[in-house]
Amino acid sequence: MTTPIQGLCSMATRGLLDELAAAYAQRTGVPVSFLAIGGVEVARRVSVGEPFDVVVLASDAIDKLVVAGKLDAAGKTDLVRSGVAAAVRAGGPRPDISTEEALRSAVLAAPRIAYSTGPSGTALMALFERWGIAGDIRSRLVQAPPGVPVGSLLARGDAELGFQQLSELIGACGIELIGLLPPTVQITTVFTAAPGIGGGAQPEAVRALLDFMRSADSADTKRRHGMEPA
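What you see is a predicted model; the values in this text were computed from it and never measured. (Residues numbered from 1 in each chain as written. Predicted model: local features only at pLDDT ≥ 70, side-chain atom pairs only at ≥ 80, totals over all residues. Heavy atoms only, no water.)

(A) Spatial organisation of the packing of helix 1 (residues 14-28) against helix 9 (residues 203-213). Where helix 1 contacts helix 9, the axes come no closer than 11 Å and their chain directions differ by 115 degrees. In the crossing of helix 1 with helix 9, the sense of the turn from one axis to the other is right-handed. For the pair formed by helix 1 and helix 9, the contact residues are Leu17, Leu20, Ala23, Tyr24 and Arg27 on the first element and Ala205, Ala208, Leu209, Phe212 and Met213 on the second. A class-by-class count of the residues in the contact of helix 1 with helix 9 yields nine nonpolar, no polar and one charged. (Axes fitted to C-alpha atoms, helices over the stretch in contact; angles between N-to-C directions. Helix = DSSP H or I, 4+ residues; strand = E, 2+ residues; numbered from the N terminus. Left-handed = near helix turned anticlockwise from the far one by under 90°. Contact = heavy atoms within 4.5 Å. Nonpolar A, V, L, I, M, F, W, Y, C, P; charged D, E, K, R; others polar.)

Now the structure itself:
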């Protein structure tokens, strides 16, 4: 009986990894499943030694776990580059975000602004600081709890403008996607995979899975989920 490969990932790559895992299982007969939770919780669970065959997180988070001896540096593989997009509640006003100045104006005009706890949210706060508007909008910021999509806050009316990884906004119910942030302020996160150390890890099986996930055969799937091959 083939031993399943068990993976752990953040919410941003959930849809992509589910599809790639299914495609790999169909090709090889090796079952693969990814548990998707908030990135902070992923890092905590790996840090305390929970056994997983492979982990996919933002590159800087993977690097910290590698340094801590929790993941295998030799097998580390960059999978995708993911950009941040803006969205509004379905039927709501769609502000212009085509330029940096237009985006800044849209943020200043929004009654409430939703953002994530992930790396994109941290970078967005740094952008607001750089623009000199962080203090002006602080009372209007709505941070999604770990593992909760920004799209769900928009859909239920908790915010009028929201920002998150494009991959997490695509297909979300009750919202309308405006588009990616303009190139001058785009926030790009590299998501990286790394095998676990010990705990029943299957080095050869995981290596074959990662080879598939970074291959040219996976490129169209990555783009369909709003990401670019790394």
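(B) Expanded view of the side chain of serine 59. Relative to the assigned elements, serine 59 resides in helix 3 (residues 59-67). What serine 59 contacts, discounting residues up to four positions off in sequence, is Asp78, Val190 and Thr192.

(C) Region of the structure containing the state of the cysteines. Applying the stated rule across the entire model yields zero disulfides. The closest cysteine sulfur to the non-disulfide-bonded cysteine 9 is located on cysteine 173, 20 Å from its own sulfur. Cysteine 9 gets classed as buried once you look at its relative accessible area, which sits at 0%. Owing to a relative accessible area of 69%, cysteine 173 belongs among the exposed residues under this scheme. (Disulfide = S-S within 2.5 Å. Buried < 20%, exposed > 50% of the residue type's maximum accessible area, 1.4 Å probe, protein only.)

(D) Fine view of the pattern of salt bridges. Tallied over the entire structure, the rule returns twelve salt bridges. Across the pair arginine 130 and glutamate 100 runs a salt bridge, and its minimum N-O distance is 3.8 Å. With arginine 130 in helix 5 (residues 119-131) and glutamate 100 in helix 4 (residues 100-109), this pair connects stretches of sequence that are 30 residues apart. On the basis of relative accessibility, which here comes to 55%, the residue arginine 130 falls in the exposed class. Between arginine 214 and aspartate 211 there is a salt bridge, and its shortest N-O distance comes to 2.8 Å. The class of aspartate 211 is partly exposed, set by a relative accessible area of 35%. (Salt bridge = Lys/Arg side-chain N within 4 Å of Asp/Glu carboxyl O.)

(E) Spatial organisation of the environment of proline 229. Inspection of the secondary structure assignment puts proline 229 in strand 10 (residues 227-229). Linking proline 229 and valine 80, residues 149 residues apart in sequence, is a C-alpha distance of 4.5 Å. Not counting residues up to four positions away in its chain, the partners in contact with proline 229 are Leu79, Val80, Arg81, Ala219, Lys222 and Arg223.

(F) Seen up close, the environment of alanine 155. With respect to the helices and strands, the residue alanine 155 is situated in helix 7 (residues 150-155). Residue classification places alanine 155 among the partly exposed residues on the basis of a relative accessible area of 25%. As a C-alpha pair, alanine 155 and alanine 193 span 38 residues in sequence and 31 Å in three-dimensional space. Leave out the neighbours within four places in its chain, and alanine 155 touches Arg89, Cys173, Gly174 and Ile175.

(G) A look at helix 4. Looking at helix 4, one finds that the buried residues are Ala102, Leu103, Ala106 and Val107. All buried residues of helix 4 fall inside an arc of 135 degrees around its axis, so they share one side. In this structure, the buried side of helix 4 is in contact with strand 5 (113-115), helix 5, helix 6 (134-137) and strand 7 (161-165). (Arc of directions from axis to C-beta.)

(H) Layout of the packing of aromatic side chains. Scanning the entire structure with this criterion turns up two aromatic pairs. Arranged with centres 5.6 Å apart and planes meeting at 40 degrees, the rings of tyrosine 24 and phenylalanine 212 form a pair that is tilted. You can see tyrosine 24 sitting in helix 1 and its partner phenylalanine 212 sitting in helix 9, a full 188 residues away along the chain. Measuring from centroid to centroid gives 6.1 Å for phenylalanine 128 and tryptophan 131, while their planes differ by 35 degrees, and the two rings are tilted. Of this pair, phenylalanine 128 and tryptophan 131 both sit in helix 5, separated by three residues, roughly a single helical turn. Assessed through its relative accessible area of 11%, tryptophan 131 is described here as buried. (Phe/Tyr/Trp six-rings, centres within 6.5 Å; stacked < 30°, edge-to-face > 60°.)

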